[in-house]
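One letter stands for each residue in the lines below.
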Amino acid sequence: MNMLTSTGQDKPLIMLVGLGDLSSRLLGMLLNDPATNRVVVAGRDPEALRLRVNLIRFTAGNLGAFGSVTTERIDLHDVAGAAEVLGRVRPDIVFMGASLQSWRVITQLPKDVFEELDQAQFGPWLPQHLTLNHAVRSRTAPARRRSAPGV
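This one's a predicted model, so the numbers in the text were calculated from it and none came from an experiment. (Residues numbered from 1 in each chain as written. Predicted model: local features only at pLDDT ≥ 70, side-chain atom pairs only at ≥ 80, totals over all residues. Heavy atoms only, no water.)

*Asks:* Kindly report on the layout of surface pockets, identifying the contributing residues and their values.
*Replies:* What the largest pocket holds in volume is close to 1,100 Å³. If you trace the largest pocket, you find 40 residues lining it, with G20, G97, A98, S99 and S102 closest to the centre. Elements supplying a minimum of two residues to the lining of the largest pocket: helix 1 (21-31), strand 2 (38-43), helix 2 (46-62), strand 4 (93-96) and helix 5 (126-139). The leading source of residues in the lining of the largest pocket is helix 5, at five residues. A per-class count over the lining of the largest pocket returns 19 nonpolar, 13 polar and eight charged. (1 Å grid on protein atoms, 1.4 Å probe; cavity = no way out; pocket = protein on both sides within 12 Å on 5 of 7 lines; lining within 4 Å. Points joined across faces, edges and corners; volume = space filled by probe spheres on them. Helix = DSSP H or I, 4+ residues; strand = E, 2+ residues; numbered from the N terminus. Nonpolar A, V, L, I, M, F, W, Y, C, P; charged D, E, K, R; others polar.)

Encoded structure:
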């Protein structure tokens, strides 16, 4: 039995916020899954989003998967603007892939500093990944109640 989403569709509208390494891989997987072919990708730079989305759509198309992907500009430092985008798009699921710092940054540190931080594993970098998520979730509660759960 198919459950209808909040928009009346039988497939969920998934919003990926940020299109770095993780979200790019996820978008490719979503487009190749027949259960999820409606995706909105949101980020700060519409042209960068368009280029990366087109590459991922091209790859999925070569594998026979043709999903719907649109882009939205969103600045997570502008919480009111982010709430407006969430309220207008009304995704069924929001995947927060944005971060204040790429995982690659630590590889550019001096070797001894990198090795010392690397021993701590994910702990020192967790605030870089959770800060934007916390800010948006805590200040956009009314828009989220009308739209989607976050992942």
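*Asks:* How would you summarise the side chain of S24 if you had to cite specific residues and measurements?
*Replies:* Along the polypeptide, S24 turns up in helix 1. Here L19 takes part through its backbone oxygen, which lies 3.4 Å from a polar atom of the side chain of S24. For S24, the side chain forms a polar contact with the side chain of R52, separated by 2.9 Å. In this view, S24 contacts L19, R52 and I56; residues no more than four positions away in its chain are not counted. (Polar contact = N/O pair within 3.5 Å; in protein donor to acceptor, adjacent residues only side chain to side chain. Contact = heavy atoms within 4.5 Å.)

That is the geometry; function is a separate question.
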